[in-house]
Amino acid sequence: MLRNLYLIISGAALLLSVWMIFIWVPTEVNQGLIQRILYIHVPFAWASMVAIIAVAITSLMFLITKKIHWDNLAQSLAEVGVVSAVVMLFSGIVWAKPVWGIWWTGEAKLTTALILFLIYCAYLVFRNYFPPGGARNRIAAIIALIGAIDSPIIYYAAQIWQQNHPQVVVGPLATQESSLSSEMVITLLTCVLAVTLMFIGIVWVQYKTISRKGLKNV
Amino acid sequence: MLIELKSKEIVVTITLFSLLVVSIFAVTSSNPSNLSAEIGSGIIWASIVFSGSIAMSKFFSHEEKNETLNAVLLMPVPIELIFFGKILSLFLFLTISECLIITAFSILFNSNPLSIYILIAIPVFNLGFSCVVTFFGIISSKSRSNEILLTLLLIPIIIPLIMFATELTRAGLEGIASQNFNLWLSLGILFDIVFLVVLTFLFGKIIEQ
């Protein structure tokens, strides 16, 4: 019952987002139609960053409590987080070319996102290459924590390297007055909500699948 | 380390692989004598990272095969000292490989990368690299496809260190004062301290596994 209700709500939120992106929201004056990619790029960037933090927290919980469900949750979050990061990187590249005239730049946020994506790919590859068992799970949790410890250093390095990314224009970290109209902000927030609901749903399904597989192997 | 001094297998691997990498860049460059400092520093550090990671995976697969780590663990010394010993030996191997790569680069590209900046970058880079590679080398030696796994785990983690070393080497090749030298140096030292402390603590945990 609860599962069906969740499916209906998240499905409706996704449909509403699609309608808002393609029909309701006005086209941005300077960038034109391509600016609509913002409503895909930002929610998936948000989902992948949340996933990375959540993987670190659940891995830490696993190391403290030694309860396998934390490890299963970390693995599900990493898998869905990596897919979200692929969408984020791809949409960012497609957006950058017409707006900045280049596919990629060595800017701090881009570099950090790319390296964190690579770290979590390595985390998943490790889980597949290492013989299954308690040792694999504990070492994977340690790798996730090392990735989390490394991320502020990567960001610091990338900040020194170059700084020419567009400033944050929405939310508490905004460094200047928002250039987005109220319709655009509402659309963006709706898309963030829809992608978050979808993300939680997929993580939950993946978590159940991994848990069932684990029970079968036992 | 004593086994290696007898067999010299890793030193030979590092020598040949680093020469090969630098030679590939030299033969594919239309005018090696007129290389920009940015590309030159990238070539030097890409060669060091790849030859280093290949040699290190060989080092750890030897250890796994001969069960030397298990033998060392039987010694009545703190586990942290074993970790520091491994870091020191890898530090030395890496320094040898860097000397070779820099010499090969100087000859093939007719350029002199030696400067105060690269002399600062090398020990800071080597300490961080040896620390991370020791930790991940022991982990990956237990898996199938250990060479690829070590490279996959190692490179994303040491990216800040690669950026630090590349930036200082570029300044040295250009012969100008490095912009943000203090920031880069603090980043390199911060990386070394954080990973030395954290991985020393975690080393005991993975050995228990």
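For clarity, every value in this text was computed on a predicted model and none was experimentally measured.

Thresholds applied
- Residues numbered from 1 in each chain as written.
- Chains lettered and ligands numbered in written order.
- Predicted model: local features only at pLDDT ≥ 70, side-chain atom pairs only at ≥ 80, totals over all residues.
- Helix = DSSP H or I, 4+ residues; strand = E, 2+ residues; numbered from the N terminus.
- Buried ≥ 20, exposed ≤ 12 C-beta atoms within 10 Å, placed from the backbone.
- Contact = placed C-beta atoms within 7 Å.
- Rg over C-alpha atoms; globule rule 2.2 N^0.38 Å.
- Expected span 1.5 Å × (residues − 1).
- Bend = angle between axes of the 7 residues up to and from the residue.
- pLDDT = per-residue confidence, 0-100.
- Nonpolar A, V, L, I, M, F, W, Y, C, P; charged D, E, K, R; others polar.
- Axes fitted to C-alpha atoms, helices over the stretch in contact; angles between N-to-C directions.
- Parallel < 35°, antiparallel > 145°, perpendicular 65-115°, else oblique.
- Left-handed = near helix turned anticlockwise from the far one by under 90°.

What follows is about the overall build of chain A. The helix and strand inventory of chain A stands at six helices and zero strands. From first element to last, N terminus to C terminus, chain A shows the α and β order α-α-α-α-α-α. The proportion of buried residues among the 218 residues of chain A is 33%. In chain A, the proportion of contacts linking residues at least 24 apart, taken out of those at least 6 apart, comes to 76%.

Turning next to the overall build of chain B. Within chain B, the secondary structure is distributed over nine helices and zero strands. In sequence order, the secondary structure elements of chain B are arranged as α-α-α-α-α-α-α-α-α. In terms of overall size, chain B behaves like a compact globule, its C-alpha atoms giving a radius of gyration of 17 Å where 209 residues would be expected to give roughly 17 Å. In terms of overall dimensions, chain B has a C-alpha envelope of 55 × 35 × 25 Å along the principal axes. Counting all 209 residues of chain B, 44% fall into the buried class. The contacts in chain B between residues at least 6 apart in sequence include a share of 84% that link residues at least 24 apart.

Helix length check: helix 5 (residues 134–161) of chain A, at 28 residues, gives a terminal C-alpha distance of 40 Å against a target of 40 Å (1.5 Å per residue), a fit within 8%. The axis of helix 5 of chain A is deflected most strongly, by about 30°, at aspartate 150 of chain A, and proline proline 152 of chain A appears within four residues downstream.

Moving on: the environment of valine 27 of chain B. Structurally, the position occupied by valine 27 of chain B is in helix 2 (residues 9–28). Put simply, valine 27 of chain B and leucine 108 of chain B are 81 residues apart on the chain and 8.9 Å apart in space, counted from C-alpha to C-alpha.

Once that is clear, we can look at the confidence of the model for chain B. Residue and element names in this part refer to chain B. For chain B, per-residue confidence averages 83 on the pLDDT scale, and residues scoring 70 or more make up 96% of the total. Confidence, read as mean pLDDT per element, is least for helix 1 (residues 2–7) in chain B (64) and greatest for helix 6 (residues 116–140) (89). Listed scores for the predicted complex are pTM 0.81 and ipTM 0.79.

All right, on to the interface of chain A and chain B then. The accessible area lost on association of the parts is a frequent measure of interface size. Across the contact, 22 residues belong to chain A and 26 residues belong to chain B. Of all the secondary structure elements, the ones that give two or more residues to the side of chain A that touches chain B are helix 4 (108–129) and helix 5 of chain A. The element that contributes the greatest number of residues to the side of chain A that touches chain B is helix 5 of chain A, accounting for 14 residues. Here the side of chain A that touches chain B is built from residues that sort into 20 nonpolar, no polar and two charged.

Looking now at the packing of helix 5 of chain A against helix 8 (residues 159–174) of chain B. Running from N to C, helix 5 of chain A and helix 8 of chain B cross one another at 30°; their axes reach a closest spacing of 9 Å. One way to sum up the angle between helix 5 of chain A and helix 8 of chain B is to call them roughly parallel. In this structure, helix 5 of chain A meets helix 8 of chain B at a crossing whose hand is left-handed. Residues Ile153, Ile154, Ala157 and Trp161 of chain A of helix 5 of chain A lie in contact with helix 8 of chain B, whose contacting residues are Ile159, Pro160, Met163 and Phe164 of chain B.

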